[in-house]
Amino acid sequence: MSHFNPNQHFDVESWRDRQIAQRTKDALAARDAAFAEKHADTPLRELALYLARCARTLRHSPAPCEVDGGAFIEQRFGSWDAALEMARLRPPAKEPKLKDTARYKREKAVQEPLFYEESARKKKAKRAKAAARHAAQQSRLEEKKRLEQEKKEARDTAARQCEVEKAAEAAEQEVSC
């Protein structure tokens, strides 16, 4: 049994926004993983300097979600406060939500056109596939019509031949009588 509610309409904008948000989160997670892999052997002092550079760029002490590799850095130092202390930064007043960070907004600006491009490419491929299927179906129908026409012509030829033979027999019988 279907769970379709006829009174509920599909919200395309909401779906699109969720898709873009998921793409953005996935891209940020991939960047975090790449950061962790690249800096697995980086000394803590260099990671602290990285945090200080991020703080200068952001103009405030960063939260883990505001920098690439934040969770990795937190794990390496044991806590985020320890990382900030080594970078000589104050703990942030409050930790922003990921969606409110500049990092997220920049990545979303990259992912949104990619999403539209991918959607357009999928639509184009779907249309091409449908056109090919339609062309194949038309070809099969034309072949079927051609075969039916050939059968009809063969039947007509056989019928005419049969009439000619009957006429010839009738003429032969008239001559012999």
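Residues numbered from 1 in each chain as written. Predicted model: local features only at pLDDT ≥ 70, side-chain atom pairs only at ≥ 80, totals over all residues. Heavy atoms only, no water.

Draft legend 1. Geometry of the overall build of the protein. Each helix and strand counted, the protein has 5 helices and 0 strands in total. When the helices and strands of the protein are listed from N to C terminus, the series reads α-α-α-α-α. The C-alpha radius of gyration of the protein comes to 38 Å, more than 25% above the 16 Å expected for a compact globule of 177 residues. Each principal axis of the C-alpha distribution contributes one length, and for the protein these read about 130 × 45 × 30 Å. Taking all 177 residues of the protein together, the buried fraction comes to 21%. Contacts in the protein between residues at least 24 apart in sequence constitute 72% of all its contacts with a sequence separation of at least 6. (Helix = DSSP H or I, 4+ residues; strand = E, 2+ residues; numbered from the N terminus. Rg over C-alpha atoms; globule rule 2.2 N^0.38 Å. Buried < 20%, exposed > 50% of the residue type's maximum accessible area, 1.4 Å probe, protein only. Contact = heavy atoms within 4.5 Å.)

Draft legend 2. Inspection of the packing of aromatic side chains at higher detail. According to the stated counting rule, one finds 4 aromatic pairs in the structure shown. Centre to centre, the rings of Phe 35 and Phe 72 are 6.1 Å apart; their planes meet at 75 degrees, and the pair counts as edge-to-face. Within this pair, whereas Phe 35 is found in helix H1 (residues 12-38), its partner Phe 72 is found in helix H3 (residues 70-77), the two being separated by 37 residues in sequence. Across this residue pair, the class does not change: Phe 35 and Phe 72 are buried. The structure contains a cluster of three or more aromatic residues connected by ring pairs, namely Trp 15, Phe 115 and Tyr 116. (Phe/Tyr/Trp six-rings, centres within 6.5 Å; stacked < 30°, edge-to-face > 60°.)

Draft legend 3. Up close: a negative patch on the surface. Judged by side-chain charge, Glu 74, Asp 81, Glu 85 and Glu 95 come together as a negatively charged surface patch. As for its position among the elements, Asp 81 is in helix H4 (residues 80-86). Judged by relative accessible area, which is 48%, Asp 81 ranks as partly exposed. (Patch = residues over 30% accessible without salt bridge, like charges linked within 9 Å, V, L, I, M, F, W, Y side chains within 5 Å. Areas by Shrake-Rupley, 256 points an atom, 1.4 Å probe, with all protein chains shown as cover. Salt bridge = Lys/Arg side-chain N within 4 Å of Asp/Glu carboxyl O. Lys, Arg positive; Asp, Glu negative; His and termini not counted. Charge placed at Lys NZ, Arg CZ, Asp CG, Glu CD.)

Draft legend 4. Examining the nonpolar core more closely. Counting residues in each nonpolar core, the largest one holds 14 residues, and the members touching the most others are Leu 51 and Ile 73. Residue assignment for this core shows that the elements contributing at least two residues are helix H2 (44-58), H3 and H4. The leading source of residues in this core is H2, at 5 residues. (Core = buried A, V, L, I, M, F, W, Y, C linked by side-chain atoms within 4.5 Å.)

Draft legend 5. The packing of H2 against H3, seen in detail. At a minimum axis distance of 11 Å, the contact between H2 and H3 shows a crossing angle of 140 degrees. Here H3 runs oblique to H2, going by the angle between their axes. H2 and H3 meet at a crossing whose hand is left-handed. Listed contacts from H3 to Leu 44, Leu 47, Ala 48, Tyr 50 and Leu 51 of H2 are Phe 72, Ile 73, Arg 76 and Phe 77. Residues belonging to the contact of H2 with H3 are distributed by class as follows: 8 nonpolar, no polar and 1 charged. (Axes fitted to C-alpha atoms, helices over the stretch in contact; angles between N-to-C directions. Parallel < 35°, antiparallel > 145°, perpendicular 65-115°, else oblique. Left-handed = near helix turned anticlockwise from the far one by under 90°. Nonpolar A, V, L, I, M, F, W, Y, C, P; charged D, E, K, R; others polar.)

Draft legend 6. Inspection of H1 at higher detail. Counted at 1.5 Å a residue, the expected span for H1 with its 27 residues is 39 Å, and the 39 Å between its end C-alpha atoms agrees. On its buried face, H1 is in contact with H2, H3 and helix H5 (102-176). (Expected span 1.5 Å × (residues − 1).)

Draft legend 7. Summary view of the layout of surface pockets. In this structure, the largest pocket encloses a volume near 240 Å³. As for the largest pocket, its lining consists of Val 12, Trp 15, Arg 16, Gln 19, Arg 23, Phe 115, Tyr 116, Glu 118, Ser 119, Lys 122 and Lys 123. Elements that contribute at least two residues to the lining of the largest pocket include exactly H1 and H5. Counted by class, the lining of the largest pocket contains 4 nonpolar, 2 polar and 5 charged residues. Forming the boundary of the second largest pocket are Arg 31, Tyr 50, Arg 53, Cys 54, Thr 57, Leu 58, Glu 66, Val 67, Asp 68, Arg 103 and Arg 106. Elements with a contribution of two residues or more to the lining of the second largest pocket: H2 and H5. It is H2 that contributes the most residues to the lining of the second largest pocket, 5 residues altogether. Broken down by class, the residue content of the lining of the second largest pocket amounts to 4 nonpolar, 1 polar and 6 charged. (1 Å grid on protein atoms, 1.4 Å probe; cavity = no way out; pocket = protein on both sides within 12 Å on 5 of 7 lines; lining within 4 Å. Points joined across faces, edges and corners; volume = space filled by probe spheres on them.)

Draft legend 8. Highlighting the packing of H1 against H5. Interhelical geometry of H1 versus H5 gives an angle of 120 degrees and a closest axis separation of 8 Å. Taken together, the axes of H1 and H5 are oblique relative to one another. Of the two possible hands of crossing, H1 and H5 adopt the one that is right-handed. On the side of H1, the interface is formed by Trp 15, Arg 16, Gln 19, Ile 20, Ala 21, Arg 23, Thr 24, Lys 25, Ala 27, Leu 28, Arg 31 and Asp 32, while H5 contributes Arg 103, Tyr 104, Glu 107, Lys 108, Gln 111, Glu 112, Leu 114, Phe 115, Tyr 116 and Glu 118.

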